[in-house]
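# Structure assessment
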Amino acid sequence: MSKLAVRELSLAARLSVVAAAILVSPAAGANEDLMSAANRIFKPIPSIVPAVKDNPITHEKVTLGKSLFFDPRLSASGVISCNTCHNLGTGGVDAGPTSIGHRWQLGSRRAPTVYNAVFNVAQFWDGRAADLKAQAAGPVQSSVEMNATPERVLSTLNSMTDYVVMFSKAFPNDAAPVTFENFAKAIEAFEATLTTPAAPFDQYLDGDGYALTDQQKAGLKLFIEKGCSSCHNGINVGGQDYFPFGMIERPAESLLPRKDKGRFSVTKDLGDEYVFRSAPLRNVALRPPYFHSGQVWSLKQAVGVMSEVQLGAKLSDEEADEIVAFLNSLTGQLPKIDYPLLPTRTIATPKPSLDK
């Protein structure tokens, strides 16, 4: 049996389990039953910073990572930072369907949000980075993004005394702390703090039956019963597994370009053609446009597309409004981020390189 067939059977099985969990109770639809079902499928975002494998989170490391995240001088052009494409003021994403990189090149996919990314099973739409550390090391080296090299990054960092001191404080046990691996670890530490707890949905999962409106509860019930939660589940309401985009019918080519075969580019497995990591839906209302192609600007339209191509169901106008209302309850408390004062460049700091 192919991987795709197994995935589809797994989805069907999970749909059956979820539906049964809700319908077996004679009081199905009552608040307590809905809350119980929701707690079996989702988890609230914790109020504390989550641990990261092989990278203890410290204040010094987070402070360094924050400066690196905002510093455009780490790019070859000197004008692109991590925050350029993952703007923390606009939901952790940028404004357009795909990001603009080095020499005005357009990226091929929508920038994923960095908020709550620490909870994803892997990073990027195709899961090619196992964790935030691997993700941080990628864009800075990509020719269509920051177009730098590890050597250029280290040269830039070592040219500024304040950065050398910050690395020494963040990695006190390293004889030579300014390394590309530590650069990635520091950004990972900072990004691990970018969680958004205390959304109305989190409060509901924690037992507050009044945290959601009646319309949002109706949307949550539909989200579960229609099968949306089979792909969008867990702490991040998605981001936990990979699924074909177009389970029932193929989306329009503007939404699913034929040249972008998703996870296939990572695994080279034919069963992974047009397979993508399910989008995490936390704070989804903050970051249109939607999908990896960034071609849908309305959350209601995105809900309709997913219902038809993934589940084979056409929602009524009222049902779509209810699901959108539920999705709005996933907007949490974003951390207050003050723009850091970056180390001053010196004569030894590499100059901007716009033409290379």
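Look above for the structure.
Residues numbered from 1 in each chain as written. Predicted model: local features only at pLDDT ≥ 70, side-chain atom pairs only at ≥ 80, totals over all residues. Heavy atoms only, no water.

### So, the nonpolar core
Generally speaking, nonpolar side chains in soluble globular proteins are found buried as a group. As a reminder, the rule being used: By nonpolar core is meant a set of buried Ala, Val, Leu, Ile, Met, Phe, Trp, Tyr and Cys residues that side-chain atoms within 4.5 Å join together. Any residue under 20% of the maximum accessible area for its type is buried, any over 50% is exposed, and the rest in between are partly exposed; the area is computed with a 1.4 Å probe on protein chains only. Helix and strand definitions follow DSSP, with helices as H or I runs of at least four residues and strands as E runs of at least two, each counted in order from the N terminus. Here, two residues are considered to be in contact whenever any of their heavy atoms come within 4.5 Å of each other.
The biggest cluster of nonpolar side chains holds 39 residues, and the ones touching the most others in it are Phe-42, Phe-201, Tyr-204, Leu-220, Phe-223, Phe-291 and Leu-327. Of all the secondary structure elements, the ones that give two or more residues to this core are helix H2 (31-41), helix H9 (200-205), helix H10 (214-225), helix H12 (299-311) and helix H13 (317-328). Not counting residues up to four positions away in its chain, the partners in contact with Phe-223 are Phe-42, Cys-228, Ser-229, His-232, Val-237, Leu-281, Ile-323, Phe-326 and Leu-327. Within the second largest apolar cluster, 33 residues are counted, among which are Leu-64, Leu-68, Ala-170 and Val-178.

### What to know about helix H6 (residues 150-158)
What counts here: Note that the arc is computed from the directions linking the helix axis to the C-beta atoms.
Taken as a whole, H6 has its buried residues at Arg-152, Val-153, Thr-156 and Leu-157. End-on, the buried residues of H6 take up no more than an arc of 135°, which puts them together on one face. Check the buried side of H6 and you find it contacts helix H3 (59-70), helix H7 (161-170) and helix H8 (180-192).

### What about unusual backbone geometry?
Between Pro-288 and Pro-289 the backbone carries a cis peptide bond, its omega angle lying at 5°. If you trace the backbone, Pro-289 turns up in the loop between strand S2 (275-277) and H12. We note that Ala-198 has phi near 65°; this positive angle belongs to a residue other than glycine. Considering the arrangement of structural elements, one finds Ala-198 in the loop between H8 and H9. Although it is not a glycine, Lys-268 adopts a positive phi angle of roughly 60°.

### A word on the packing of aromatic side chains
This is how it is decided: Classification of ring pairs rests on two measures: the distance between centres of Phe, Tyr or Trp rings, Trp counted by its six-membered ring, which must be within 6.5 Å, and the angle between planes, read as stacked under 30 degrees, edge-to-face over 60 and tilted in between.
Counting across every chain of the model gives ten aromatic pairs. A centroid spacing of 6.3 Å and a plane angle of 25° characterise the contact between Phe-167 and Phe-171, whose relative ring orientation is stacked. On the basis of relative accessibility, which here comes to 0%, the residue Phe-167 falls in the buried class. On the basis of an interplanar angle of 40° and a centroid distance of 5.3 Å, the ring pair of Phe-245 and Phe-291 is categorised as tilted. One end of the pair, Phe-245, is in the loop between strand S1 (242-244) and helix H11 (264-267); the other, Phe-291, is in the loop between S2 and H12, with 46 residues separating them in the sequence. Here Phe-291 falls in the buried class, since its relative accessible area comes to 12%.

### As for the packing of H10 against H13
The following threshold applies: Angles here are taken between N-to-C directions and fall from 0 to 180 degrees, while the axes themselves are lines fitted to C-alpha atoms, restricted in helices to the stretch in contact. Should an angle fall under 35 degrees it is taken as roughly parallel, and over 145 as roughly antiparallel, whereas 65 to 115 is taken as roughly perpendicular and any remaining angle as oblique. For this classification, Asp, Glu, Lys and Arg are treated as charged, while Ala, Val, Leu, Ile, Met, Phe, Trp, Tyr, Cys and Pro are nonpolar and the rest, including Gly, are polar.
In the contact formed by H10 and H13, the axes pass within 7 Å of each other and the chain directions differ by 100°. Classified by the angle between their axes, H10 and H13 sit roughly perpendicular to one another. Along the contact surface, H10 presents Gln-215, Gln-216, Ala-218, Gly-219, Leu-220, Leu-222 and Phe-223, while H13 presents Glu-319, Asp-321, Glu-322, Ile-323, Ala-325, Phe-326, Leu-327 and Asn-328. Across the contact of H10 with H13, the residue classes tally to eight nonpolar, four polar and three charged.

### Points about the layout of surface pockets
For clarity, the threshold we go by: For cavity detection a 1 Å grid was placed over the protein atoms alone, and a set of points counts as a cavity when a 1.4 Å probe fits there but cannot get out; an open set counts as a pocket when protein lies on both sides within 12 Å along at least five of seven lines, with lining residues being those that have an atom within 4 Å of a point. Grid points are joined across faces, edges and corners, and a volume is the space filled by probe spheres set on the points.
Taken as a whole, the largest pocket holds about 440 Å³ of empty space. Elements that contribute at least two residues to the lining of the largest pocket include exactly helix H4 (82-85) and helix H5 (132-137). In terms of residue class, the lining of the largest pocket is built from 13 nonpolar, seven polar and five charged.

### A closer look at the pattern of salt bridges
As a reminder of what qualifies: One side-chain nitrogen of Lys or Arg within 4 Å of one carboxyl oxygen of Asp or Glu is enough to make a salt bridge.
Applying the stated criterion across every chain, the model contains 16 salt bridges. Of the charged contacts in the structure, one is a salt bridge between Asp-94 and Arg-110, with a shortest N-O distance of 2.9 Å. Of this pair, Asp-94 sits in the loop between H4 and H5 while Arg-110 is found in the loop between H4 and H5, placing the two residues 16 residues apart along the sequence. Residue Asp-94 shares its accessibility class with Arg-110, and that shared class is buried. Between Asp-202 and Arg-282 there is a salt bridge; the shortest N-O distance is 2.9 Å. Residue Asp-202 is located in helix H9, and its partner Arg-282 is located in the loop between S2 and H12; the two are separated by 80 residues in the primary sequence. Here Asp-202 matches Arg-282 in class, with each residue buried. One continuous salt-bridge network, built from bridges that share partners, spans Arg-109, Asp-126, Arg-128 and Asp-260.

### With respect to empty space enclosed by the protein
In the structure shown here, the tally under the stated rule is two cavities of 30 Å³ or more. Quantified by volume, the largest cavity comes out at close to 680 Å³. Lining the largest cavity are 37 residues; nearest its centre among them are His-232, Ala-279, Leu-281, Phe-291 and Met-306. For the lining of the largest cavity, the secondary structure elements donating two or more residues are S1, S2, H12 and H13. Considering each element in turn, the lining of the largest cavity owes the most residues, seven residues, to H12. Across the lining of the largest cavity, the residue classes break down as 26 nonpolar, seven polar and four charged. Roughly 90 Å³ of internal volume is contained in the second largest cavity. Around the second largest cavity, the lining residues are His-86, Pro-112, Thr-113, Val-114, Ala-117, Asn-120, Gln-123, Phe-124, Leu-132, Gln-135 and Arg-277. Taken together, the residues of the lining of the second largest cavity break down into five nonpolar, five polar and one charged.

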